[in-house]
Amino acid sequence: MDRADEDARKIRRDPTGPGCPVSHGDDGTWQVRGYSAARAVLRSTDTVQAGLGIETVEKLPARIRRPVLYRDGPEHREHRRQTARYFTPRRVDEHYRELTERVTQKHLDALRTEGEAWLEDLTFGVSIDVACGVIGLTHSRPGIQGRLERFFPEKFGKPGFTSPHGIYWLFRQNSNWLRIYFADVRPAVRAHRERPADNLISHLIAEGCSNPEILGECLTYAAAGMITTREFISVAAWHLFTDAALRERYSNGNETERLAVIHEILRLEPVVARLSRLTTGSVEVPGSDGPVTVPAGALVDILVDDANTDPEAVGATPTAVCPGRPATTGRYAAALSFGDGPHRCPGADIAMMETNVFLGHLFALEGIRMLTPPRVTFQDEIGGYVIRGLRVAVDRG
C-alpha cells in the first residue's frame, strides 16, 4: 500500500522551495520549476543546448563535427532520425534484452560466488556491457571499467590554466581521452571498417566521421548509457531494499507493473535534475498568473526534480511513490526525467528495460540483503547524484 502522506525521496538536493513556475534571478538566469513551463522550454524550437560542458566543445576547430548532444536544428534532427532505429521499443526487446539478461547473470554469478559486492560495481558492469553492445565498443582491451571510472569520476574538476589544480585536471582528462581512444574506440573502429555491423560506430563510419569525432560520440553515449543508468539502478535498488511493501509489489508484479514502479522512482529521483537551454528567440511559457515571455539570449535552467513533483501535472501527494499515477502514464510515466523535445534521451526504453532486468534478477536471489546504506554526493553542474557504498550480500551458491 502506498504511503501517500510521506516524502519518499532518497535524494535530498538543496531545497529550492515550491517557488514560482518561472522566475528571473538576479544573475540574469531564468529558472523554471513548473512542469508545463519546463516542457514548453524543452520543446521550443527557439532554444539550443546549454551547459554540459558546451563551452569547451565550442572551442573545437570548426572542421570537427560536434557530438549530437551539442548540436541543434536540422543537422541534429537528421542525426536523430537516422539513429532512431537503434532505440525503438521493438529493437530494444529483440536485440538488447538477451544481451542484458546474459550480462546481468554474469555479474550476479560473481556476487553469488563472492557472497558480497558493492552495488555500484555490479550496476556499472552491467551498464558498460549493454551500452558497449549498442554503441559497438566490442573490441576493447581489458580494463574498460577502470578507464571509464577515471574519465567519469565521482567528483569532477574544472579545467583551465589559472591554477595548479586546473592544469592537473586538464592533463588528467587529456590522458583519459587517449586511454579510451587507443584501448576502446580505435580497435572498434578498425574492426567495424573491415566488417560493418548494425551499431552506432558503423553508422558513424558510413557517415564519414573521423576517429576523433567517433570518440566524442562514443563518450557522449557512454555518459548517457552507462553513467546515468548506473546511478539510477542503484537508487532504485535502494528504494526496494528499504521499502518492504514496494519491494513486494515489484517482485510479485508482471513486467508492466514492475516498469510502473521503476518509472515512478525515476520521476522522484531524476538522475539529471538540471537541464539548461539558451533562447535564440522569445519563448512564451505558462506562469502562475498567465503566460510569461522569456526573451531571446536568455539562459534558462530547468529544475527537473521540481517539475516532476508539480502537483498540477502529477496529481496529489507528488513526493510519494504511487506507481501507475493516472497523470503520468506511457511515454511520460517518469515525467521529465528523460528530458523532452529534440534532446529527449533516445535510450529511455533501453534504460528502463536494463533496470528492470537487473533488479528482477537481483531481488530474486536467495537471501539478498543490503549490508550498508549508501552515501550520496552531488554533481552540481547537472544536479546529478552519485550513489556509492551500498554493499549487498547474498547466500552463497
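Every residue gets a number counted from 1 within its own chain, in the order that chain's sequence is written. The model is predicted, so local features are restricted to residues of pLDDT at least 70 and side-chain atom pairs to those at 80 or more, both for listing and for counting; the totals for chains, interfaces and linings are taken over all residues. Neither water nor hydrogens contribute to the side-chain values; these are computed over all heavy atoms in the structure.

Asker: It is not clear to me how the overall build of the chain should be interpreted in this structure. Could you clarify?
Answerer: Each helix is a run of H or I in the DSSP string that is no shorter than four residues. Each strand is a run of E no shorter than two, and both are numbered from the N terminus. Broken down by element type, the chain carries 14 helices and twelve strands. A 1.4 Å probe rolled over the protein chains alone gives each residue an accessible area, and that area as a share of the maximum for its type sets the label: buried under 20%, exposed over 50%, partly exposed in between. When each of the 397 residues of the chain is scored for burial, the buried share is 52%. Nonlocal contacts in the chain, meaning residues at least 24 apart in sequence, comprise 72% of its contacts between residues at least 6 apart. For every accessible area listed, the method is Shrake-Rupley and the probe measures 1.4 Å; residues are considered covered only by the protein chains on display. Of the roughly 18400 Å² of accessible surface on the chain, a fraction of 54% belongs to carbon and sulfur atoms. Throughout, a contact is declared for two residues whenever any of their heavy atoms are within 4.5 Å.

Asker: Quick question: what am I supposed to make of the sheet that holds strand β5 (residues 274–279) here?
Answerer: Hydrogen bonds along the backbone pair up the strands of a sheet, which may run parallel or antiparallel. Two strands qualify as a pair provided that DSSP identifies no fewer than 2 bridges between them. Pairing is mixed in the open sheet, where five strands are placed in the order β1-β2-β8-β5-β3. Single-partner strands in this sheet number two, and they are β1 (22–24) and β3 (47–50). Looking at each pair of strands side by side, their axes are set apart by 30° on average, direction ignored. Sheet topology places β3 next to β5; four bridges connect them, and they run antiparallel. Among the inter-strand pairings, alanine 50 is bridged to a residue of β5, identified as serine 276. Think of each axis as a best-fit line through the C-alpha atoms, taken over the contacting stretch in the case of a helix, with angles from 0 to 180 degrees between the N-to-C directions. Running over the sheet, helix α1 (residues 35–43) touches β1, β2 (30–32), β3, β5 and β8 (299–303) and is turned about 130° from β8.

Asker: Whenever I open this one, unusual backbone geometry confuses me. Can you help?
Answerer: Residues other than glycine predominantly adopt negative phi, and peptide bonds predominantly adopt the trans conformation. Positioned with a positive phi, threonine 317 is a non-glycine residue whose angle comes to about 45°. With phi around 55°, alanine 335 is a residue other than glycine that occupies positive phi space. With respect to the element layout, alanine 335 can be found in the loop between α13 (311–314) and α14 (348–362).

Asker: When you look at the pattern of salt bridges in this model, what are you seeing that I'm missing?
Answerer: Two side chains of opposite charge can pair, provided their charged atoms sit close to one another. Every case where a carboxyl oxygen of Asp or Glu lies within 4 Å of a side-chain nitrogen of Lys or Arg is listed as a salt bridge. Evaluation of the coordinates by the stated rule reveals 19 salt bridges. With a closest N to O distance of 3.0 Å, arginine 388 and glutamate 231 form a salt bridge. Note that arginine 388 is positioned in strand β11 (residues 384–388) and glutamate 231 in helix α9 (residues 211–242), a separation of 157 residues in sequence. As far as burial versus exposure is concerned, arginine 388 and glutamate 231 are alike and both buried. Its salt-bridge partner being arginine 325, residue glutamate 264 comes within 2.7 Å of it at the nearest N-O pair. Taken together, the residues glutamate 264 in helix α11 (residues 255–268) and arginine 325 in the loop between α13 and α14 connect sequence positions 61 residues apart.

Asker: Honestly, the environment of proline 286 in this entry has me stumped. Any pointers?
Answerer: Here proline 286 is to be found in strand β6 (residues 283–287). For proline 286, a relative accessible area of 38% gives the class partly exposed. Separated by 248 residues in sequence, proline 286 and alanine 38 have C-alpha atoms that sit 8.9 Å apart. For proline 286, the contacting residues outside a window of four places in its chain are Pro21, Val22, Ser36, Ala37 and Ala40.

Asker: Looking at this structure, I do not really get the side chain of arginine 388. What am I missing?
Answerer: Looking at arginine 388, the relative accessible area reads 9%, which means it is buried. Counted as a polar contact is a pair of N or O atoms within 3.5 Å, where, for protein atoms, one must be capable of donating a hydrogen and the other of accepting one, and residues adjacent in sequence contribute only when both atoms are in side chains. Among the polar contacts made by the side chain of arginine 388, one reaches the side chain of glutamate 231 at a distance of 3.0 Å.

Asker: What is the right way to read the sheet that holds strand β4 (residues 116–118) from this model?
Answerer: A sheet is described by the order of its strands in space; here three strands give the open sequence β4-β12-β9, paired in antiparallel fashion. Of all strands in the sheet, those bounded by a partner on one side alone are β4 and β9 (369–372). Neighbour to neighbour, the strand axes of the sheet diverge by 35° on average, direction disregarded. Where β9 meets strand β12 (residues 391–393), three bridges bridge the pair, whose relative direction is antiparallel. Residue arginine 369 lies in a different strand from β12, and its bridge partner there is alanine 393.

Geometric descriptors of this kind do not, in isolation, establish any biological role.
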